[in-house]
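# Commentary on secondary and tertiary structure
Okay, here's what each chain looks like letter by letter:
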Amino acid sequence: MKAFCAFVVAALLPAAALAADSVDAQRLAEARALLGVLQIDKQIDGMGTAMAQAMTNDMLQAQPNLSQRVLQVTMEESLQGIRRQASSPDGLYDTLAAAYASQFSLDELRQVREFYQSPVGARMLLAGPEIMKQVFPVLAKASRTMAPQVCARAKARLLAENVAGGADMKCPAAQ
């Protein structure tokens, strides 16, 4: 799961500058306002915490004797890095705003923002973290279950294409 999340974030980043150039300033401003109403910073913090926790769990599995302080510092640095990247120019916040602005008209962006400012929209935002707590373990389990098969298929393709290093690829054991 963490690899998928990292892939999604990395795939979005280069699009920020291009997408921002292709939409008008009013739509971009409205998209930024929508991100504020959506409390995207809290959502990214929640996602970042889950990703950082998964990373420290992986570290602990690979090196069971790591001290709690090492894990704590790793978590803190991971979260700070995610926050810095998200708020930097052309970072995740800018990329998200540009993506929303490129997909919705100014009127649609206003309607979406107004919905999330309504009682039911606000309730949906409040329920989001609890929903993700319920969904994330299922996604993480599915990712761990799929990883050996995906890796094996990737390795087979690399071998068939005679790609250097393909034979050295290590796949996790099936769970």
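Look up: the structure comes first, before these words.
Thresholds, definitions, all that
- Here the residue numbers are simple positions, counted from 1 along each chain's written sequence.
- Side-chain atom pairs in this predicted model are given and counted only at pLDDT of 80 or more, local residue features only at pLDDT of at least 70, and totals for whole chains, interfaces and linings cover all residues.
- For side-chain calculations, the full set of non-hydrogen atoms in the structure is used, while hydrogens and water are omitted.
- Should a side-chain nitrogen of Lys or Arg be within 4 Å of a carboxyl oxygen of Asp or Glu, the pair is scored as a salt bridge.
- Helix numbering and strand numbering both begin at the N terminus, where a helix is a DSSP run of H or I of at least 4 residues and a strand a DSSP run of E of at least 2.
- Only protein chains enter the accessibility calculation, which uses a 1.4 Å probe; a residue whose area is less than 20% of its type maximum is buried, one above 50% is exposed, and one in between is partly exposed.
- For this analysis, a nonpolar core means a set of buried residues of the types Ala, Val, Leu, Ile, Met, Phe, Trp, Tyr and Cys, connected via side-chain atoms within 4.5 Å.
- Given the number of residues in a helix, its expected span is that number minus one, multiplied by 1.5 Å.
- Arc definition: directions from the helix axis to the C-beta atoms.
- We call two residues contacting when some pair of their heavy atoms lies within 4.5 Å.

All right, on to the pattern of salt bridges then. Enumeration over the complete set of coordinates arrives at four salt bridges. Here Arg-32 makes a salt bridge to Asp-94, at a shortest N to O gap of 3.6 Å. Remark: Asp-94 occurs in helix H6 (residues 92-103) and Arg-32 occurs in helix H3 (residues 25-37); sequence separation between them is 62 residues. By relative accessible area, Arg-32 is classed as partly exposed at 41%. The salt bridge partner of Asp-45 is Arg-83, with a shortest N-O separation of 2.7 Å. In this pair, Asp-45 is assigned in helix H4 (residues 40-62) and Arg-83 in helix H5 (residues 68-87), connecting sequence segments 38 residues apart.

So, on to the nonpolar core. Counting 17 residues, the largest nonpolar core has Leu-28, Leu-35, Ile-44 and Leu-96 as its most contacted members. Within the residue set of this core, elements represented by two or more residues are H3, H4, H6 and helix H7 (106-117).

For the rest of this paragraph, the subject is unusual backbone geometry. The phi angle at Gln-39 is positive, at roughly 55°, despite the residue not being glycine. Checked against the element boundaries, Gln-39 lands in the loop between H3 and H4. Judged by its relative accessible area of 35%, Gln-39 falls in the partly exposed class. You will see that Asn-162, though not glycine, has its phi angle at about 55°, which is positive. By secondary structure assignment, the location of Asn-162 is in the segment after helix H8 (119-160). With relative accessibility at 70%, the residue Asn-162 sits in the exposed group.

Our focus in this paragraph is H5. Its 20 residues give H5 an end-to-end C-alpha distance of 29 Å, which sits within 8% of 28 Å, the value for a rise of 1.5 Å per residue. Taken together, the buried positions of H5 are occupied by Leu-71, Thr-74, Met-75, Ser-78, Leu-79 and Ala-86. The arc that holds the buried residues of H5, viewed along the axis, is 125°, so those residues lie on one side. Among the exposed residues of H5, those pointing more than 90 degrees away from its buried face are Arg-69 and Arg-84. Residues of H5 that are buried sit in contact with H4 and H6.

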